[in-house]
Amino acid sequence: MKEEQTVQTSAGERRIIIRTIGMKKFYNRKGQITQALRGVDIAIFDAEFITVMGPSGSGKSTFFNLIGALDSPTHGRVFIDEVDVAQLTAEELAFLRCRKIGYIFQSYNLIPYMTALENVTTPMAFGGVQTDEARKRGMDLLELVGLKERWFHRPIEMSGGQQQRVAIARALANNPTVLLCDEPTANLDHHTGDEILAILQRLNKERGVTIICATHDHRMMNVCDRLLWIRDGAIERIARRDEVKVELGGID
Amino acid sequence: MLSFRRIVRIAFSGVRYRLFRATITVAVIAIAMAFLMNILGESLIKKSVAEAARSRIEELHRTDTWIARLSVPRTPEEIIFDQAGRAPVAKTCLDFFSRLDYGRRRILSGSAESVQIFDLLQDAEKQESFFAALANMKAIRFPVGREEFVSFLASWPELKQQIRGVREKEQAAINRIEQARGERSILEALTRADGEFGQAIRDAGFELDDREAETLAAQARDIMDSQLIEDTINHTELRQAVAARKDLLPGDITVNIIWKMLRDADSSEWYLEQMAAAGLEVSGLDAGRVRHLAERRARARLLVKAELRTADTGGGLMGIGQRMTWLALVSMLVCVVGIANAMLMSVTERFREIATLKCLGALNTFIMTVFLIESSILGLAGGIAGTLIGLVICVVRMFFVFQSLLAHAFPWGSLGLGALISITAGILLAAVAAVYPSLRAARLAPMEAMRIE
Ligand SMILES: Nc1ncnc2c1ncn2[C@@H]1O[C@H](COP(=O)(O)OP(=O)(O)OP(=O)(O)O)[C@@H](O)[C@H]1O
Ligand SMILES: [Mg+2]
């Protein structure tokens, strides 16, 4: 059923997984106010692959923190799966982060003293999955990212690309609906970056995971459904990939 | 939510991952706990030794007690104290007056001392001024109510009369003892406490059972014979002989050197021969007995030393004494600050890890628990190490001070309890020190995980 949805990318009647209304975020550091986001309204659909682009300091990471329930907006509201994040208690927020959303960081953020498998099973433990079950699912996920043989390696014994793949497996631990990636390929070389993108694309296509990806990486355009440009804390433009392709083609 | 085992494992991994820092923290805790255990152990050992020494010293002084009892009647104060049940108010008041400092006593009772005060206060006017002066001394609380004291003062002449009666009876008994011993000194007479003199003591009205009589006689003989040996120090020839044997100058020979020498079998035999040759009366002595006397003296000296060294026990927390309690508290405070600092550094260093865990769904309580447990693990390790170190140091040190006395009075139970207290203190200190750092960790925003240096 989910695969059907991904096929008809441009269809109008789709479930909205994340919606923001007038979302603003101001940072106040020593009296100096930075307007990181100045009113963002967007609806993101289930099983969509969105790429967020914009110059450095434009507010991409801030946008991520807000729609990922890691931070609360100064003004406006954020709905995740039709639930207002501001209404949730600390426990419910932890549950949301644990079950609904997977995070992928530019710097991988694996727990240094845990093996690959332990890293992957930690969110399952938070979610209350039994140890044996978690082990089995963790191995399956490592197989998915092609690291089954390295389950006992610690982060320090792995390359950046391998670490990022473990991080993806970990983000998928509790079958989240949304995967938030903040510059997942920024620290990787061209080839490894391609591998990561391929994995993300496969997740999106095969499992119907909503993927939101902030990036400076132009290859990302080839895999996404929609592109979102942010500049100075506001949405500059939203466009479907085919539209952008045409433009780029025109320029070429 | 999460099994305790997993929390402990994460905490433990944190320790292992930062082994160097953890080792330093453990060392800080260990030093503080070693200090605590050391003073705790010493005070417990001293307490136990003091108790053991007290009863032995009492034993040792039995002859002295009897000599006193058989030569002078007890003072009124002694009678009051010995029979406190009959006059509780008198005892309490005497206690109170004896503890007063000189200036205050002067104000309250002029030049009168102890029971004389009761005589003095028979006068109504003096009583009035006494209570007025007492009311002015804000820091002092008189242990007896005014009415009670006044009624006691009224009954004092009668009590005094009774005491006088007791003393007269004792004097009469002492007179009979004096007749019985004739020309002998009391000590000499007491060597026959298991024979005719013992009977005389009983006849005079004192209570003396057979066992007491035997130990008394034996002790009196020991004292007399010891005296004989100690007097040899004044014998120039003997001193020279000892000096030659010990390769010392005759002027350096002391009683102690002679006694020490006599603990050795050959030397005691040799010394007896020397004494006989010097014309001293040694018919009642043989080498074994001389050695017994030397051992007895060594034991007595050890006891006196123990009494001196344990004179300061009993005050403050758990017998540590106030000063030491303070030192222990300060050392623990320093330790807490040290642990807190180390834990804060750990939190600061691991902000990304903590924030990531929160992104993965960790609750604040989980993060707190992890850090509290991590600190407690350090506390346990430091507590055990420090307690062992402190215990070994204090036992070794105390063994050199008290020697055989400690072997007989080794406080296994209370030292074990002390060790348990010290280890628990280590864990508690570490846990308390980790409260603030773990709160900081728990409050860390999950979005910190996104931060990139
Ligand atoms: N915690 C903070 N406190 C104060 N200002 C902040 C904070 N985080 C971000 N900002 C400011 O908000 C603005 C947006 O930052 P943000 O990190 O969202 O940019 P970005 O688009 O992710 O940039 P980059 O591409 O370099 O990662 C910046 O001007 C930044 O200085
Ligand atoms: Mg950013």
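What this report covers is the structure whose coordinates are included nearby. (Residues numbered from 1 in each chain as written. Chains lettered and ligands numbered in written order. Predicted model: local features only at pLDDT ≥ 70, side-chain atom pairs only at ≥ 80, totals over all residues. Heavy atoms only, no water.)

## Comments concerning the packing of aromatic side chains
Residues and elements named next belong to chain B.
- All told, the structure shown has 20 aromatic pairs over all chains when counted by the stated rule.
- On the numbers, 5.0 Å between centres and 80 degrees between planes, the contact of Phe118 with Phe152 is edge-to-face. In this pair, Phe118 sits in helix 7 (residues 115-120) while Phe152 sits in helix 9 (residues 146-181), placing the two residues 34 residues apart along the sequence. Considered together, Phe118 and Phe152 belong to a single accessibility category, that of buried residues.
- Ring centres of Phe130 and Phe142 lie 5.8 Å apart, and the angle between their planes is 80 degrees; on these two criteria the pair is classed as edge-to-face. In this pair, Phe130 sits in helix 8 (residues 124-136) while Phe142 sits in the loop between helix 8 and helix 9, placing the two residues twelve residues apart along the sequence.
- On the basis of relative accessibility, which here comes to 10%, the residue Phe142 falls in the buried class. (Phe/Tyr/Trp six-rings, centres within 6.5 Å; stacked < 30°, edge-to-face > 60°. Helix = DSSP H or I, 4+ residues; strand = E, 2+ residues; numbered from the N terminus. Buried < 20%, exposed > 50% of the residue type's maximum accessible area, 1.4 Å probe, protein only.)

## Comments concerning the interface of chain A and chain B
- Every contact between the two is made by 27 residues of chain A and, on the other side, 26 residues of chain B.
- Counting the surface lost from both chain A and chain B, the interface buries some 2,500 Å², and carbon and sulfur atoms represent 68% of this.
- It is Leu70(A), Tyr113(A) and Phe126(A) in chain A that bury the most area against chain B; as a group they hold 29% of the surface buried on that side.
- Taken together, the links from chain A to chain B amount to zero salt bridges.
- Joining chain A to chain B, the criterion identifies five residue pairs in polar contact (both at pLDDT 80 or more). (Contact = heavy atoms within 4.5 Å. Buried area = accessible area lost by both parts, 1.4 Å probe. Salt bridge = Lys/Arg side-chain N within 4 Å of Asp/Glu carboxyl O. Polar contact = N/O pair within 3.5 Å; in protein donor to acceptor, adjacent residues only side chain to side chain.)

## Some points on the environment of Gln164(A)
Residues and elements named next belong to chain A.
- Position of Gln164 among the secondary structure elements: in helix 6 (residues 160-171).
- Accessibility expressed as a relative area gives 0% for Gln164, which makes it buried.
- With 58 residues separating them along the chain, Gln164 and Gln106 place their C-alpha atoms 8.4 Å apart.
- Setting aside anything within four residues of it in sequence, one finds Gln164 in contact with Ile104, Phe105, Gln106, Tyr108, Pro184, Leu188 and Ile196.

## Observations concerning empty space enclosed by the protein
Residue and element names in this part refer to chain B.
- For the coordinates displayed, the defined rule picks out five cavities of 30 Å³ or more.
- For the lining of the largest cavity, the secondary structure elements donating two or more residues are helix 4 (76-82) and helix 9.
- Per-element accounting of the lining of the largest cavity gives the leading share, four residues, to helix 9.
- Considering only residue class, the lining of the largest cavity consists of six nonpolar, two polar and one charged. (1 Å grid on protein atoms, 1.4 Å probe; cavity = no way out; pocket = protein on both sides within 12 Å on 5 of 7 lines; lining within 4 Å. Points joined across faces, edges and corners; volume = space filled by probe spheres on them. Nonpolar A, V, L, I, M, F, W, Y, C, P; charged D, E, K, R; others polar.)

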